[in-house]
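Observations on the three-dimensional arrangement
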Amino acid sequence: MSPTDPFVFLGCLELNELLPQEAHDARELLEQLERVPVESIFCHTSAALLHRTVLAEAYPNDFSLWVGTEVRDVRLAERLAAVDTFPAGSMERVREELIATISDHLQHLGTAAPRTQGKRFRFFQVHLIPVPTGHQARSLAEFRDALAEVDVSAIFYHTIQARYRSGRERSDFAEWIGAALGRPELADRLAHIDPQAGSLERIRDRHLSVLNDAVAEEGA
């Protein structure tokens, strides 16, 4: 029997490119959302975890944060915060839902959309560069130990970026544990960890909690 293919942990470097698009109110935000590349949607939604250490529950993406704090349109901010920004491999679907949400809000507003009294919204496009962490694993215990030590960018790369990159509903972690280790039940438990947990460290902690139990069961 060939040895288990190791899981190689990769971190990532985030390079943000400033785009020419900007917005001063919700109507302009709507117009630019229709034009910007899909990588910009990813940058301001799922990838917000990389440039915001902890995502506030009230404003979990950059669009809701800006509308709530700069435009001061709390109702629209709440609606944008409710958009699922972590669907598997479908940032175009996220774009469509953001556009539909803002369009419906403006349609029922009845007055001109308020303009920001603070900072305008600047659109960025994210480029992620995979980098080796020096950690790999061939067993469940090795995987658990490496996961506890890797940089948080590896958590992002293998749980959130993986969904966008591969179009799967499961993380790289769940895929490897299910296929390489033959642990489909454990893979399913990991796959159900909410990527909107609040921070990358919290996502790590939730994975470790599940893995600690599994390693203990193996030892027993």
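Residues numbered from 1 in each chain as written. Predicted model: local features only at pLDDT ≥ 70, side-chain atom pairs only at ≥ 80, totals over all residues. Heavy atoms only, no water.

1. A few points about the overall build of the protein chain
Test applied: Helix and strand assignments follow DSSP, with helices taken as H or I runs no shorter than four residues and strands as E runs no shorter than two, numbered in order from the N terminus. Between buried and exposed lies partly exposed: a residue is buried under 20% and exposed over 50% of the maximum accessible area for its type, with that area taken using a 1.4 Å probe on protein chains only. The accessible surface values rely on the Shrake-Rupley method and a 1.4 Å probe; as for residues, cover is taken only from the protein chains in view. Asp and Glu are treated as the negative residues and Lys and Arg as the positive ones, with His and the ends of the chain left uncounted. By convention, the point assigned to a charge is CZ for Arg, NZ for Lys, CD for Glu and CG for Asp.
A tally of helices and strands in the protein chain yields 11 helices and 2 strands. Its helices and strands taken in sequence order, the protein chain reads β-α-α-α-α-α-α-β-α-α-α-α-α from the N to the C terminus. Along the first, second and third principal axes, the C-alpha set of the protein chain runs to 70 × 30 × 25 Å. Across the 220 residues of the protein chain, 48% fall into the buried class. Surface accessibility of the protein chain: about 10800 Å² in total, with carbon and sulfur atoms responsible for 49%. Counting 23 positive and 34 negative side-chain charges, the protein chain places the averaged centre of each group 3 Å from the other.

2. Some thoughts on the environment of Ala26
Note the following rule: Throughout, a contact is declared for two residues whenever any of their heavy atoms are within 4.5 Å.
Inspection of the secondary structure assignment puts Ala26 in helix H1 (residues 26–33). In sequence terms Ala26 and Val67 are 41 residues apart; their C-alpha atoms lie 7.4 Å from each other. Excluding anything up to four places from it in sequence, Ala26 contacts Leu76, Ile102, Leu106 and Pro114.

3. Considering the nonpolar core
Cut-off, in case you're wondering: Among buried residues, the Ala, Val, Leu, Ile, Met, Phe, Trp, Tyr and Cys ones that are joined through side-chain atoms within 4.5 Å form a nonpolar core.
One finds Phe9, Leu29, Leu33, Ile102, Phe143 and Phe156 to be the most contacted residues of the largest nonpolar core, which totals 62 residues. Top contributing element to this core by residue count: helix H11 (residues 200–219), with 7 residues. Those residues in contact with Leu33 that lie beyond four places of it in its chain are Ile41, Phe63, Arg95, Leu98, Ile99, Ile102 and Phe123.

4. A word on the environment of Ala162
Within the fold, Ala162 resides in helix H8 (residues 152–166). Through-space distance from the C-alpha of Ala162 to that of Asp172 is 6.2 Å; in sequence the pair is 10 residues apart. Residue contacts for Ala162: discarding those within four places in its chain leaves Tyr157, Gly167, Arg168 and Asp172.

5. Some words on the packing of helix H4 (residues 62–71) against helix H5 (residues 74–81)
Our working rule: In this analysis, axes come from line fits to C-alpha atoms, helices being fitted only over the stretch in contact, and the angle between any two N-to-C directions falls in the range 0 to 180 degrees. The cut-offs work like this: below 35 degrees is roughly parallel, past 145 is roughly antiparallel, 65 to 115 is roughly perpendicular, and the gaps in between are oblique. Three categories are distinguished: nonpolar for Ala, Val, Leu, Ile, Met, Phe, Trp, Tyr, Cys and Pro, charged for Asp, Glu, Lys and Arg, and polar for the others, with Gly belonging to the last.
Following both chains from N to C, one finds H4 and H5 inclined at 170°, their axes separated by 8 Å at the closest point. Considered as vectors, H4 and H5 are oriented roughly antiparallel to each other. Of the residues in H5, those touching H4 at Phe63, Ser64, Val67 and Gly68 are Leu76, Ala77, Leu80 and Ala81. Within the contact of H4 with H5, the residues separate by chemical class into 6 nonpolar, 2 polar and no charged.

6. Some thoughts on the pattern of salt bridges
So the rule is basically this: Salt bridge, as used here, is a side-chain nitrogen of Lys or Arg placed within 4 Å of a carboxyl oxygen of Asp or Glu.
If you walk through the whole model with that rule in mind, you get 9 salt bridges. Here the salt bridges share partners, and the residues they tie into one network are Glu22, Arg120 and Arg122.

7. Some details on the side chain of Thr101
Counting through the fold element by element, Thr101 comes out in helix H6 (residues 91–107). For Thr101, the residues in contact, after removing those within four places along its chain, are Leu76, Arg79, Leu80 and Val83.

8. Here we look at H5
Where we set the bar: Directions are taken from the helix axis to each C-beta atom, and the arc is the one they span.
For H5, the set of buried residues is Leu76, Ala77, Leu80 and Ala81. Along the long axis of H5, the arc covered by the buried residues comes to 140°, so they all point the same way. Tucked inside the fold, the buried residues of H5 contact H1, H4 and H6.

9. Here's the deal with the confidence of the model for the protein chain
A low pLDDT means the predicted coordinates there should not be read in detail. Condition: Values of pLDDT, ranging from 0 to 100, describe the predictor's confidence in every residue of the model.
A residue-level look at the protein chain finds 94% of positions with pLDDT of 70 or above and a mean pLDDT of 90. In the model of the protein chain, helix H3 (residues 48–51) stands out as the element of lowest mean pLDDT, 85, in contrast to helix H7 (residues 140–149), which has the highest, 98.

10. Describing the packing of aromatic side chains
The relation between two aromatic rings is expressed through the spacing of the ring centres and the mutual angle of the planes. In plain terms, the rule: In summary, the pairing rule links any two rings of Phe, Tyr or Trp, Trp by its six-membered ring, whose centres are within 6.5 Å, and it sorts them by plane angle into stacked for under 30 degrees, edge-to-face for over 60 and tilted for everything else.
A complete count under the given rule lists 14 aromatic pairs for this structure. Considering the side-chain rings of Phe143 and Phe173, the 5.3 Å spacing of their centres and the 80° angle between planes classify their relative orientation as edge-to-face. Residue Phe143 is located in helix H7, and its partner Phe173 is located in helix H9 (residues 172–179); the two are separated by 30 residues in the primary sequence. Per residue, the accessibility class of Phe143 equals that of Phe173, and both read buried. Grouping aromatic residues by their ring pairs yields a cluster made of Phe7, Phe9, Phe143, Phe173 and Trp176.

11. A short note on H8
Because each turn of an α-helix spans 3.6 residues, side chains separated by three or four positions end up pointing in the same direction. Using the following cut-off: Each residue after the first adds 1.5 Å to the expected span of a helix.
The terminal C-alpha atoms of H8 lie 20 Å apart, and with 15 residues this matches the ideal 21 Å at 1.5 Å per residue to within 8%. A large share of H8 lies buried, amounting to 11 of its 15 residues. Listed in full, the buried residues belonging to H8 are Ser153, Ala154, Ile155, Phe156, Tyr157, His158, Thr159, Ile160, Gln161, Ala162 and Arg163. After H8 finishes, the residue Gly167 shows a positive phi value of roughly 80°.

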